[in-house]
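Summary of the model geometry
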Number of protein chains: 2
Amino acid sequence: MATIQDVAKHAKVGVGTVSRVLSGKGYVKEETRQKIEASIEALNYTPNAMARNLFFHRSGIVAVIVPEVGHPFFSQFVNAAEKALCEQGFQTMICNTYYKKNYERRYLDMLKQQRVDGIIFAAHTALDISQYENIGRPIVALDRNLGEKIPCVSVDHETGGRMAAEEMIYSGCRNVVQFRGPKKGEVSTPSDRRHDVFEDIMRKHGIACQTYSLKWHSTDVSYYQNTADELLEANPGIDGVFATDTTIMAVMQSALSRGIRIPEQLKLVAYDGTFEARLVFPRITMIKQPVEQLAGEAVQLMSHLIHEEPVRNHKVILQAELCPGDTTVRR
Amino acid sequence: MATIQDVAKHAKVGVGTVSRVLSGKGYVKEETRQKIEASIEALNYTPNAMARNLFFHRSGIVAVIVPEVGHPFFSQFVNAAEKALCEQGFQTMICNTYYKKNYERRYLDMLKQQRVDGIIFAAHTALDISQYENIGRPIVALDRNLGEKIPCVSVDHETGGRMAAEEMIYSGCRNVVQFRGPKKGEVSTPSDRRHDVFEDIMRKHGIACQTYSLKWHSTDVSYYQNTADELLEANPGIDGVFATDTTIMAVMQSALSRGIRIPEQLKLVAYDGTFEARLVFPRITMIKQPVEQLAGEAVQLMSHLIHEEPVRNHKVILQAELCPGDTTVRR
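To keep things clear, this report deals only with the structure shown in the data block. Remember, predicted model here, so these are calculated numbers, not experimental data.

1. What to know about helix α5 (residues 72-87) of chain B
Residues separated by three or four positions in an α-helix point in the same direction, a consequence of the helix having 3.6 residues per turn. Residue and element names in this part refer to chain B. The end-to-end C-alpha separation of α5 is 23 Å, in line with the 22 Å expected for 16 residues at 1.5 Å each. In terms of burial, α5 is a largely internal element, 14 of the 16 residues being buried. Directly beyond the C-terminal end of α5, a positive phi value near 85° is found at G89.

In structure tokens:
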């Protein structure tokens, strides 16, 4: 396989000149450029990812920032992102923010210092949007509105919320509860929409609907178990719960251990469709986020930004999928 | 806060000299060294992690290599490792190997090229041990025997296997199956012991015991479901299963959907104790690996190796914990 040295020798120029042509940065005489391009073609030279990063003063590293990679949804997002980044020649750095602003700031500093080439931002706490917008380096958001300049990938949460609502209606619910994520920071997330839509539709159908906020997506088993226990103790009359996988699993565990029958007495709809949540009995009715595609789109956008290619679509919206299970009434 | 420039100015030397004292590398006159150390004390100077890395020609990055970070056990290990590495001033790179040797080789190359300061190796396929031993750069293994030179952190799998066996005996099992991980590569893992011990104890108690090998710890839901369905169809007579969390969850789902009563007809013992597996009903009897401590010990060893400090204990063995649930008979 031809190296950059081979190209330089063939074109009778220095390696530095070839590198300037490859990077498109720095002055090269038009005649020399043509000679080098001819040599690149003649030798069928493809710069490898690491060599290319050296020329471009890149680290070859993209940071994926999540609240906590131990959480099932984020672990599966990171998994898919690592795969897609690897295929594009990037290494993956992971950063847990634990919903703390100082961690977020630290990672933005890494981006400013060019220690990473870009950040895929999937965490939830938020500094002021301007801190992101003004960096002028590659950032792609998952499920976050970080201003017009920063591309965002998300699912169509409005349809997701509607599908969950329709499952509750079809199953005959009269008194439901939904759990939403922590409300922190000033930045909105597209996923807020699913809760607004769900509540709206419930109200329109005369179904009582309470909305609870979870503290945060930690991986603290007892937090979820206590939340579920408190819910069922405080609300003996509820007949439907809509929440992400982990909360639904905890509610199911608590309900079944109290002898509550599912779906006869309690209907459950889970949002996310993560791995282990699909391995429980009864099988949970789910609104599945296409996590591989979300990661793939985010990485594609990141790759365009890093290579300074035009980004046509700043808001990529994918469809969530209803996977009917046995925790609602089958149609 | 004092910077290295302040120290240099205070000691009336160049920044390079201070850097040589901090790194302990390169010649510095004893008199100068003492002057610099006095200035460091006088100014209460602490080099920050990034500055220190620059002096030491380090990347400040540790790679954590796993089969797939989407798998619950590895996501929780990576989560804990990232936390511990962050506390020590390191960034975390993650690398999925998907059990492929060429990926493994790529990451070892990164270590050789000093693009990362060290590798915490938690994957399973294996090149020849010599490829690890002869690198001469920081490597710490999780649950892998990579030769005498490379420290290894694991749980006491022998006791883990014994605890599982005792649960089966106490619960009156006569015909059990255990699932072990994929058998690939030439390198042994300490976790093999739990399966050997489990089988031995079953045999000694006259309990029939079959050992199946899983293909690999992927996050393919239908692989686990099919494995569970095939198990129960081919072995209507089994009354106990020992496997890691994910397989146990799939077996439980398959068994309950066939109307098999747990624990009356089928006893289950899960190994790992990951997050979501603790959120199912009936609560699973588990042998829990102390994943935070495993990661903490691995990072501590890594930190010693990177800072060229002596490592006293090359085999760190922690205890797994029996968490009794309702899938075996309660004592």
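2. Some thoughts on the pattern of salt bridges
Scanning the model with the defined rule gives 20 salt bridges over all chains in all. A salt bridge links R162 of chain A to E158 of chain A; the shortest N-O distance between them is 3.8 Å. Placement of both R162 of chain A and E158 of chain A in helix α8 (residues 157-170) is noted, with a separation of four residues, approximately one turn of the helix. Residues R203 of chain B and E199 of chain B are paired through a salt bridge, measuring 3.2 Å at the closest nitrogen-oxygen approach. Here the residue R203 of chain B and the residue E199 of chain B both occupy positions in helix α9 (residues 192-204), the gap between them amounting to four residues, near one helical turn. One salt-bridge network, held together by shared partners, links E158, R162 and R193 of chain A.

3. Focus on the packing of helix α8 (residues 157-170) of chain B against α9 of chain B
Residues and elements named next belong to chain B. Between α8 and α9, the least distance of the axes is 7 Å, while the angle of their chain directions is 35°. For the element pair α8 and α9, the recorded crossing hand is right-handed. Contacts from H157, E158, G161, R162, A164, A165, M168 and I169 in α8 reach R193, R194, V197, F198, I201 and M202 in α9. Residue composition of the contact of α8 with α9, by class: eight nonpolar, two polar and four charged.

4. Examining the state of the cysteines
One pass over the structure, following the stated rule, counts zero disulfides over all chains. Between C86 of chain B, a free cysteine, and C95 of chain A, which holds the nearest cysteine sulfur, the sulfur-to-sulfur gap is 8.3 Å. As a non-bridged cysteine, C173 of chain B has C209 of chain B as the owner of its nearest cysteine sulfur, 11 Å distant.

How each quantity is defined
- Residues numbered from 1 in each chain as written.
- Chains lettered and ligands numbered in written order.
- Predicted model: local features only at pLDDT ≥ 70, side-chain atom pairs only at ≥ 80, totals over all residues.
- Heavy atoms only, no water.
- Helix = DSSP H or I, 4+ residues; strand = E, 2+ residues; numbered from the N terminus.
- Expected span 1.5 Å × (residues − 1).
- Buried < 20%, exposed > 50% of the residue type's maximum accessible area, 1.4 Å probe, protein only.
- Salt bridge = Lys/Arg side-chain N within 4 Å of Asp/Glu carboxyl O.
- Axes fitted to C-alpha atoms, helices over the stretch in contact; angles between N-to-C directions.
- Left-handed = near helix turned anticlockwise from the far one by under 90°.
- Contact = heavy atoms within 4.5 Å.
- Nonpolar A, V, L, I, M, F, W, Y, C, P; charged D, E, K, R; others polar.
- Disulfide = S-S within 2.5 Å.

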